[in-house]
Each structure stands twice: as structure tokens, then as C-alpha cells.
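# Understanding the architecture of this molecule
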Amino acid sequence: WHANSILTRAAEQAIETDAAELRSELASRGVDGLAQAIAERSRVGGAGVYYLADAKGGHRAGNLAAMPEWQGKARHGLFRYQASNGGQTVTRTAAGLLIDIDGRPRLVVARDVEDQRALLYAIYRSVGLGAALLILIGLGGSLLLTRHVLARIEAISRASAGIMAGNLEGRIPVDGSDDEIDRLALQLNEMLRRIEQLMAGLREVSDNIAHDLKTPLNRLRNRAEAALGDSRGGEAWRQGLERVIDEADELIKT
């Protein structure tokens, strides 16, 4: 849009300058001098497009074969015209304005803008292709990034499932990228290591308690059996129960 604005302003300024010079020719040299000036400019070539009609409306000078067809009652704007290119007749686009001479619209001053339109089309096409390529690269990169992140999350999920199943030696995989997921995995692995240490300590304490209780419990059971099997009767049983109570008190202390 900006390129189009710049090129359009440049074309408009060139047309206005050209028209001002031709008005000056008309004022100083009359219609004949104007026709001569237009004929000279037409022979030079370039982007200038001219048409000067005679008093009857026929062609008098200029590189346009006929008065262009303007849209509606417009006296300036774009129009299509026929031009020769390498022996072939082609249709091109020009922008210009219509100037009155002696109260009648007889002079067309215009500039060929076909090359400008081709340049703008090339710009539009380049921008469109660039945008499409950028979108494809963005979508492809997003897809790869998403698959990578989801794969790492799935690995964390599998490792967590194994740990919850009882494998406290399992660890969450780390790929060494030191990104947020890696740092989270390292923190979780440190937490798991600490949990494993605590569980090992708990097992050790449990083993020690079991060991400390096993001997007095066996001794307590043996005393109870010995008292029960004593044939002396009540007094022996009483003494056996007292020793069992003493052993039970020691167990309570433990």
C-alpha cells in the first residue's frame, strides 16, 4: 500500500508538471506550438502519453490513436489504450487528465503506469509468498516444538507412573537442554532422591524395632509356656505370670 502511494504520487506529480508545461506552450505559442511540442514529446518516447484533438475532434498530435474513454464524466483517472510493442498491439494502462482548449476537452496528458502496476503486482506476490512461507515455517516450527514438549511430558508421565508403582529408584529423564522442563525434572529427581533416603531410613528404623522386639517377645512367650506347663499349680503359675508382667513392662518401655 505504501509503495502504491509513493508511485501514485510520483505519477501524479509528473502529469501535473507535464500539463503545466503544455499549458505554458499553449499560452505562449498557441495551438500550433502546443501540437509541435506534443509531437516532439511523442517522438522521444518514454512514459508520456498524449492526445491533442483538432477543432473537429479528430487526431492532431500525440501518441494516442484516439481520445480515451473516461469512466462517466471523470476528467482524470485511469484508462486503457492500445500501444505497439515489437510489431504487436498490446493494451496498456495509463493515468492522466483531460484539459479544455477553447472551452472544449481537446488535450489529454497522461503517463503510462503499466510498469508501475507490474511492479506493484510483483510486490504483492512477493509479500503474499513471503507471508505464506512464514506461516508454513511458523506452523511447522510450532508442530515440532509441540511434539517435542509433549514427548518429554509423556516421558515424565511414564517415569511418574513407575515411581508410583513402587520403583523409587526410577528417575525422570533429563535431556540436558537446561530449559524449564529440564529444571523441573531435576527438582523432581532431587525430591525423589530425598524420598528414597527417607524410605531407606524408615526401613532401617523398622528393622531395628523388629529386632529389638523379637527377642523380648520370644522370651515372654517362653515364660508364659513354661508357667503354663509347670505342674506345681497355682503358686508356680502366679510366679510365671509375674515374670510375664515384668517382661511386658520392658516391652512397653521399648
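Above: the structure in question.
So, here's what we can say about the structure. Counting from 1, residues in each chain are numbered in the order their sequence is written. Totals for whole chains, interfaces and linings use every residue, but because this is a predicted model, local features are given only for residues with pLDDT of at least 70 and side-chain atom pairs only at 80 or more, for both listing and counting. Note: side-chain values were computed over all heavy atoms of the structure, leaving out hydrogens and water.

### Considerations on the overall build of the protein
Put simply, the rule is: Going along the chain from the N terminus, every DSSP run of H or I of four or more residues is numbered as a helix, and every run of E of two or more is numbered as a strand. Every radius of gyration here is taken over C-alpha atoms, with the globule rule written as 2.2 Å times N^0.38, N being the number of residues. For every residue, the accessible area obtained with a 1.4 Å probe (protein chains only) is divided by the maximum for its type, and the residue is called buried under 20%, exposed over 50%, and partly exposed between those limits. Contacts are residue-level and defined by heavy atoms, with any inter-residue pair within 4.5 Å sufficient.
Regarding its fold elements, the protein presents four helices and five strands. For 254 residues, the compact-globule formula gives about 18 Å, and the C-alpha radius of gyration of the protein, at 52 Å, lies well above that figure. Overall size of the protein, expressed as C-alpha extent along the three principal axes, is 160 × 35 × 30 Å. Counting the 254 residues in the protein, one finds 26% classified as buried. Intrachain contacts of the protein at a sequence separation of at least 6 include 44% that bridge at least 24 residues.

### A short note on the packing of helix α1 (residues 2-44) against helix α2 (residues 114-164)
How two helices pack is summed up by the angle between their axes together with the distance between the axes. This is how it is decided: The axes used here are C-alpha line fits, helices contributing only the stretch in contact, and every angle between their N-to-C directions lies in the interval 0 to 180 degrees. In what follows, roughly perpendicular refers to angles from 65 to 115 degrees, roughly parallel to angles under 35, roughly antiparallel to angles over 145, and oblique to any angle outside these ranges. Each residue gets one of three labels, nonpolar for Ala, Val, Leu, Ile, Met, Phe, Trp, Tyr, Cys and Pro, charged for Asp, Glu, Lys and Arg, and polar for the others, Gly among them.
α2 packs onto α1 with a crossing angle of 170 degrees between their chain directions and a minimal axis gap of 10 Å. Here α1 is positioned roughly antiparallel relative to α2, judged by the angle of their axes. In this structure, α1 uses Ala-3, Asn-4, Leu-7, Thr-8 and Ala-11 to contact α2, whose residues at the interface are Gln-116, Leu-119, Leu-120, Ile-123 and Tyr-124. Its residues placed into classes, the contact of α1 with α2 shows seven nonpolar, three polar and no charged.

### A few points about the packing of aromatic side chains
Convention followed: Centre distance within 6.5 Å is the pairing criterion for rings of Phe, Tyr and Trp, where only the six-membered ring of Trp is used; planes under 30 degrees apart are then read as stacked, over 60 as edge-to-face, and the remainder as tilted.
Inspection of the entire model under this criterion finds one aromatic pair. Ring centres of Phe-79 and Tyr-81 lie 6.3 Å apart, and the angle between their planes is 55 degrees; on these two criteria the pair is classed as tilted. Neither residue differs from the other here; Phe-79 and Tyr-81 are each classed as buried.

### Looking at the sheet that holds strand β4 (residues 88-101)
Within a sheet, adjacent strands bond to each other through the backbone by hydrogen bonds, running parallel or antiparallel. As a reminder of what qualifies: Think of it this way: DSSP has to see at least two bridges between two strands before they count as a pair.
Within the open sheet, the five strands sit side by side as β2-β1-β5-β4-β3. Their pairing is antiparallel. Looking at which strands have only one partner, the edges of the open sheet turn out to be β2 (59-61) and β3 (76-85). The sheet shows a mean angle of 40 degrees between the axes of neighbouring strands, taken without regard to direction. Summarising the sheet, β4 and strand β5 (residues 104-112) pair through eight bridges and their orientation is antiparallel. Its bridge partner being in β5, Leu-97 is matched across the sheet by Val-109. Seen against the sheet, α1 touches β1 (48-53), β2, β4 and β5 and runs at an angle of roughly 130 degrees to β5. Each of β3, β4 and β5 is contacted by α2, which is oriented at about 115 degrees to β4, the strand it contacts most.

### Some thoughts on a nonpolar patch on the surface
Definition in use: Surface patches are drawn from residues lacking salt bridges whose relative accessible area is over 30%; two like charges belong together within 9 Å, two nonpolar side chains (Val, Leu, Ile, Met, Phe, Trp, Tyr) within 5 Å. Areas reported here follow the Shrake-Rupley algorithm with a probe of radius 1.4 Å; residue values treat only the protein chains shown as occluding. Any carboxyl oxygen of Asp or Glu within 4 Å of a side-chain nitrogen of Lys or Arg constitutes a salt bridge here.
On the surface, a cluster of nonpolar side chains totalling about 330 Å² of accessible area is made up of Met-191, Ile-195, Met-199 and Leu-202. When you line up the elements, Leu-202 lands in helix α3 (residues 180-229).

### So, the side chain of Arg-152
To be explicit about the condition: Polar contacts, as used here, are pairs of N or O atoms within 3.5 Å; protein pairs need one atom able to donate a hydrogen and one able to accept it. Residues neighboring in sequence count only if both atoms are side-chain atoms.
Checked against the element boundaries, Arg-152 lands in helix α2. A polar contact is formed between the side chain of Arg-152 and the side chain of Asp-182, at a distance of 2.7 Å. Setting aside residues up to four positions removed in sequence, Arg-152 forms contacts with Asp-175, Ser-177, Asp-179, Ile-181 and Asp-182.

### Side note on the pattern of salt bridges
For the structure on display, the rule yields 19 salt bridges. Among the ionic pairs, Arg-158 bridges to Glu-154, the shortest N-O distance being 3.8 Å. Of this pair, Arg-158 and Glu-154 are both found in helix α2, four residues apart, which corresponds to roughly one turn of the helix. Since its relative accessible area comes to 51%, Arg-158 is described here as exposed.

### A few points about the packing of α3 against helix α4 (residues 234-253)
Close contact between α3 and α4 brings their axes to 8 Å; oriented N to C, the two are set at 170 degrees. Considered as vectors, α3 and α4 are oriented roughly antiparallel to each other. Note on element contacts: α4 touches α3 through Trp-237, Gly-240, Arg-243, Val-244, Glu-247, Ala-248 and Leu-251, opposite Leu-213, Pro-216, Leu-217, Arg-219, Leu-220, Arg-223, Ala-224, Ala-227 and Leu-228. Classifying every residue of the contact of α3 with α4 by side-chain character gives 11 nonpolar, one polar and four charged.

### Re α2
Test applied: Residue count minus one, scaled by 1.5 Å, sets the expected span of a helix.
Spanning 51 residues, α2 covers 74 Å between terminal C-alpha atoms, matching the ideal 75 Å at 1.5 Å per step. If you check which residues of α2 are buried, you get Gln-116, Leu-120, Arg-152, Ala-155, Ile-156, Ala-159 and Ile-163. Each element contacted by the buried residues of α2 is listed here: α1 and α3. Immediately downstream of α2, the backbone of Gly-166 shows phi near 120 degrees, a positive value.

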